[in-house]
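What the coordinates show
Residue strings, one per chain:
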Amino acid sequence: MSSALSIEHLVKDFRHPMTLRPLRVVDDLSLEIRAGETFGFLGPNGAGKTTTIKLVNGLLRPTAGRIAIFGREARDVAVRARVGYLPEQPWFYDYLRADEFLDFYARLFGIARAERRARVKRLLERVGLAERARDPLRRFSKGMTQRLGVAQALINDPELVILDEPMSGLDPIGRRDVRDIILALKREGRTVFFSSHLIPDVEMICDRVGFLVGGRLRDQADLHERLAARETESEVRVAGISAPVYRQAAALAARTVASGKEFLFEVPADGSVEKLIDLVRADGGRIISITPRRESLEALFLREVRGGKPEEKESP
Amino acid sequence: MKIFAIALNTFREAVRDKVLYSLLFFALGLIAVSVALNQLTIGQQAKIVTDLGLASISIFGTLIAIFVGIGLVSKEIERRTILTIVSKPVSRGSFLLGKYLGLIVTLAVEVGIMGACFLGMVAAYADGVAGPAAVAIGLIFLELCVITAVALLFSSFSTPFLSGLFTVAVWVIGHLTPDLREFGERAGGAARAITEALYLVLPNLGHFNVKAQVVHHLPIEPALVAQVTAYGLVYVALVLGLATLIFDRRDFT
């Protein structure tokens, strides 16, 4: 598949305004995102995610290295027409109405009037703001501003959509809405590159993730492969089984927990699950749930942040 | 088209931020002056109307040029709206030019309305100077174009406060450059080199001031007007070019 975004040995130093001492924010970062892929850019706060995204969008000049979007220079005006970008915590012209605001951005792409109107209408519907089209932005809540920001990033029908922390600061419903939009973009075949520190969102959406820690890309992983490889066992909860069947089932399990009439078996992922299910059903028992236990992205993330040190689960 | 979109947005911001409300003060001042004028004799009236009218158009215009001008770019950076503009297929130069034109349109509306009111008063009180007065207003507008460009240049790399300070300094010195040069020539030495450099670099805003000619019914040479217009336009182009060079290298953190 062709490359949508290619970053080679990217370095960005900032100089302290007083001492002029350089501070390395992005350190020898190389990254390749294929067309049509959804890539999650993970890292703790201050890791350099936003700086990298700004470099990709031509807002900062790299100290060293190369960025190519669809094989062309990142700041090339022709390339910018194929990219959509939502900055972190966006703030927009509050004296404009929502429809005027999107119309302004459409003009920046030289889109003709009739087409502009149609797109603005469609996008406002898409982000659930059709009712607020004529409201001034100063009356918009943070969540509404964020959704309008997503609409702004899509005004040019971009092939590559770059979203910087699109879900931060949103309530659960807002997060779900943004997630659904990203999933829709993915279905439409667009390339999506987004940063986040909200792991559950990334885990559900992305094809691949990269971990940025201290300005360095620690690991690029095919998410599903990585997580599937670590699928070690399943938890099977059942109820209403007889004592002999319980004993047979317990023989298959690595660990058993009994609680009233319910039993929980931790079964290795080697076909034992199927055997257990057959046993229970033959006995007229009930399967309550089957949960594959795999190393979560969160555990993966924490390990990367801690520099490979295995540690017990802890909330980030 | 992109430049015009940015210009339109800038004009819209100025209008919705109620910049044009400053016209009310101008109108009130005008009424107060005309009331006061009725106390004076005919010859004095004409002189004072032209003098005060042109001076206030110039001052109101300059205040807007400086105070809106220094915020043109810095406000976009501060509020981070620039991130979504410059990442679109819009060159940095187009962005600056759009912001500049937006404020120039705002100033044109402001000066146009003030000028129309003023010319109305001139017709009532100072017969026969309407033509020269209109030329004087045109030159004031040109001076505002230069000041706006200077404000934009400073705001492309420094804070609004410093930009304001620098622009006011340029405006003050710009009106004194011939004196400055003369002072340097008398002082000699290093002072002379400095004043000569300032004389060459800073705009000579005195060129745009033909108030005295209008008030005293002296002729304003068309050739001079053409020369000054060319001077103003070239100066604006150079300053905007420099601003683009600086802005193009700038990081938006």
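Residues numbered from 1 in each chain as written. Chains lettered and ligands numbered in written order. Predicted model: local features only at pLDDT ≥ 70, side-chain atom pairs only at ≥ 80, totals over all residues.

To continue, consider the overall build of chain B. Secondary structure assignment for chain B yields twelve helices and zero strands. Taken from the N to the C terminus, the helices and strands of chain B come in the order α-α-α-α-α-α-α-α-α-α-α-α. For chain B, whose C-alpha radius of gyration is 20 Å, the value lies close to the compact-globule estimate of 18 Å for 253 residues. Seen along its three principal axes, the alpha-carbon backbone of chain B occupies a region of about 60 × 50 × 30 Å. Within chain B, the proportion of its 253 residues that are buried is 43%. Of the contacts formed within chain B by residues at least 6 apart in sequence, a portion of 82% connects residues at least 24 apart. (Helix = DSSP H or I, 4+ residues; strand = E, 2+ residues; numbered from the N terminus. Rg over C-alpha atoms; globule rule 2.2 N^0.38 Å. Buried ≥ 20, exposed ≤ 12 C-beta atoms within 10 Å, placed from the backbone. Contact = placed C-beta atoms within 7 Å.)

What follows concerns the overall build of chain A. Scanning chain A for helices and strands turns up eleven helices and 14 strands. Its C-alpha atoms give chain A principal-axis dimensions of about 75 × 50 × 40 Å. Sorting the 316 residues of chain A into buried and exposed places 37% on the buried side. The long-range share in chain A, meaning contacts at least 24 apart out of those at least 6 apart in sequence, stands at 70%.

Moving on, we come to the interface of chain B and chain A. The interface is formed by 22 residues belonging to chain B together with 23 residues belonging to chain A. The set of elements that each furnish at least two residues to the side of chain B that touches chain A consists of helix H1 (2-16) and helix H5 (82-86) of chain B. In terms of residues, the side of chain B that touches chain A owes the most to one element, H1(B), which gives six residues.

Turning our attention to the packing of helix H5 (residues 142-153) of chain A against helix H6 (residues 172-187) of chain A. All names here are of chain A. Closest axis-to-axis distance for the H5/H6 pair is 11 Å, and the angle between their directions is 5 degrees. Considering their axes alone, H5 and H6 lie roughly parallel with respect to each other. Residues Gly-143, Gln-146, Arg-147 and Val-150 of H5 touch H6, and the partners they reach there are Gly-174, Asp-177, Val-178 and Ile-181. Across the contact of H5 with H6, the residue classes tally to three nonpolar, three polar and two charged. (Axes fitted to C-alpha atoms, helices over the stretch in contact; angles between N-to-C directions. Parallel < 35°, antiparallel > 145°, perpendicular 65-115°, else oblique. Nonpolar A, V, L, I, M, F, W, Y, C, P; charged D, E, K, R; others polar.)

A separate point is unusual backbone geometry. Residues and elements named next belong to chain A. A positive phi is found at His-9, a non-glycine position, where the angle reads about 45 degrees. The residue His-9 is located in strand E1 (residues 3-15) in this model. On the basis of neighbour counts, which here come to 12 C-beta atoms within 10 Å, the residue His-9 falls in the exposed class. One non-glycine residue with positive phi stands out, namely Phe-70, at about 50 degrees. Structurally, Phe-70 can be placed in the loop between strand E4 (64-69) and strand E5 (72-73).

Our next topic: the domain arrangement of chain A. Segmentation of chain A into domains returns domain 1 (3-227) and domain 2 (232-294). Taking only C-alpha atoms, the centre of domain 1 of chain A and the centre of domain 2 of chain A are 45 Å apart. (Domains from an automatic or database assignment.)

To continue, consider helix H4 (residues 71-78) of chain B. Listed in full, the buried residues belonging to H4(B) are Gly71(B), Leu72(B), Val73(B), Ser74(B) and Glu76(B). Looking one or two residues beyond H4(B), the residue adopting positive phi is Arg80(B), at roughly 65 degrees.

Moving on to the pairing of strand E2 (residues 22-34) of chain A. Residue and element names in this part refer to chain A. Bridge count between E1 and E2: nine bridges; the pairing is antiparallel. Bridge assignment links Asp-13 to a residue of E2, and that residue is Arg-24. Counted between consecutive antiparallel strands, the loop separating E1 from E2 contains six residues, among which Leu-20 sits at a positive phi close to 65 degrees. (Pairing = 2+ DSSP bridges.)

Backbone hydrogen bonds hold the strands of a sheet together, and the pairing may be parallel or antiparallel. All names here are of chain A. Reading across the sheet, the four strands line up as E2-E1-E4-E5 and stay open at both edges, with antiparallel pairing between neighbours. The sheet is open, and its two borders are formed by E2 and E5, each paired with just one other strand. With five bridges joining them, E1 and E4 adopt antiparallel strand pairing. Opposite Leu-5, over in E4, you have Ile-69 as the bridge partner. Against the sheet, helix H1 (residues 49-56) touches E1, E2 and E4, its axis set at about 65 degrees to E2.

With that out of the way, let us pick up helix H8 (residues 160-174) of chain B. Residue and element names in this part refer to chain B. Counted at 1.5 Å a residue, the expected span for H8 with its 15 residues is 21 Å, and the 20 Å between its end C-alpha atoms agrees. Residues Pro-160, Ser-163, Thr-167, Val-170, Trp-171 and Gly-174 constitute the buried set of H8. Viewed end-on, H8 has its buried residues packed into an arc of 100 degrees, placing them on one side of the element. Seen from the open side of H8, the exposed residues pointing more than 90 degrees away from its buried face are Phe-161 and Val-172. (Expected span 1.5 Å × (residues − 1). Arc of directions from axis to C-beta.)

Residue and element names in this part refer to chain B. Averaged over every residue, the pLDDT of chain B is 88; the share at 70 or more is 100%. Model confidence for chain B, summarised as mean pLDDT per element, is weakest for helix H2 (residues 22-37) at 78 and strongest for helix H12 (residues 222-248) at 95. Of the two predicted TM-score estimates for the complex, the pTM is 0.83 and the ipTM is 0.84. (pLDDT = per-residue confidence, 0-100.)

Turning our attention to the environment of Glu182(B). Residue and element names in this part refer to chain B. Within the element layout of this structure, Glu-182 appears in helix H9 (residues 177-187). Looking at Glu-182, the number of C-beta atoms within 10 Å reads 13, which means it is partly exposed. Between the C-alpha atom of Glu-182 and that of Asn-204, which follows or precedes it by 22 residues, the distance is 14 Å.

In terms of nonpolar packing, the biggest core is built from 134 residues, with Leu102(A), Ile140(B) and Ala149(B) touching the most fellow members. Those residues in contact with Ile140(B) that lie beyond four places of it in its chain are Leu54(B), Ile57(B), Ser58(B), Gly61(B), Val111(B) and Phe208(B). Counting residues in hydrophobic clusters, the runner-up holds nine residues, among them Ile241(A), Ala249(A), Phe265(A) and Val280(A). (Core = buried A, V, L, I, M, F, W, Y, C linked by C-beta atoms within 7 Å.)

A few words now on the pairing of E4(A). Two elements, E4(A) and E5(A), share two bridges in a ladder whose sense is antiparallel. Bridging from a neighbouring strand, Ala68(A) pairs with Glu73(A) of E5(A).

Right, let's talk about the environment of Ser34(B) for a bit. Structurally, Ser34(B) is set in helix H2. Sequence separation between Ser34(B) and Tyr125(B) is 91 residues; the distance between their C-alpha atoms is 9.1 Å.

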